[in-house]
Amino acid sequence: AECLATLLHCIQTLYASPPSQMHESLTFDKDDKVAMSFVSAATALRCHTFHIPKLSEHDCKGVAGNIVPAIAATNAVVAGMQVLEMRKVLDGKAKDCKFTYCLRAPTRKGYF
């Protein structure tokens, strides 16, 4: 109930903001108190729904701060794999192209 109240308060705060502070689309800033309260409350509701241990607002801020670097690193890995497969196509070995999977841990054969 407390999470829902916080979530509703954040939404009311956003709607009550002067039009000069509202943009056509809202942007997320982990240093914005209202944004982090909203994310923390929404996270708590999701944790409750799926029986996951609840994170503190400080922990949520830490996770939110890692999202952009994680996306950038993932994009770099995927782009690198695409370049490797494109080299096969350019070398006339398109039949050697294959699906590639990224796993968190190596398989029993040692592949990632």
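I will try to describe carefully the structure that is included in this document. None of the values given here were measured: they were computed from a predicted structure.

How each quantity is defined
Residues numbered from 1 in each chain as written. Predicted model: local features only at pLDDT ≥ 70, side-chain atom pairs only at ≥ 80, totals over all residues. Heavy atoms only, no water. Salt bridge = Lys/Arg side-chain N within 4 Å of Asp/Glu carboxyl O. Helix = DSSP H or I, 4+ residues; strand = E, 2+ residues; numbered from the N terminus. Buried < 20%, exposed > 50% of the residue type's maximum accessible area, 1.4 Å probe, protein only. Contact = heavy atoms within 4.5 Å. Expected span 1.5 Å × (residues − 1).

**Structural notes on the pattern of salt bridges**
Counted according to the given criterion, the structure contains four salt bridges. As a salt-bridge pair, Lys61 and Asp31 come within 3.4 Å of each other at their nearest N and O atoms. One end of the pair, Lys61, is in helix H3 (residues 57–90); the other, Asp31, is in the loop between helix H1 (2–16) and helix H2 (33–49), with 30 residues separating them in the sequence. The exposed category is assigned to Asp31, whose relative accessible area is 53%. The closest approach of N and O atoms between Glu57 and Lys33, which form a salt bridge, is 3.5 Å. In this pair, Glu57 is assigned in helix H3 and Lys33 in helix H2, connecting sequence segments 24 residues apart. Classification of Glu57 as partly exposed rests on a relative accessible area of 30%.

**Considerations on the environment of Val34**
The topology assignment puts Val34 in helix H2. For Val34, a relative accessible area of 23% gives the class partly exposed. When the C-alpha positions of Val34 and His9 are compared, they lie 9.0 Å apart, and in sequence the two are 25 residues distant. Once residues within four sequence positions are removed from consideration, Val34 is found in contact with Cys10, Thr13 and Leu14.

**A word on H1**
Its 15 residues place the ends of H1 21 Å apart at the C-alpha level, agreeing with the 21 Å of an ideal helix rising 1.5 Å per residue. In the core, the buried residues of H1 are packed alongside H2.

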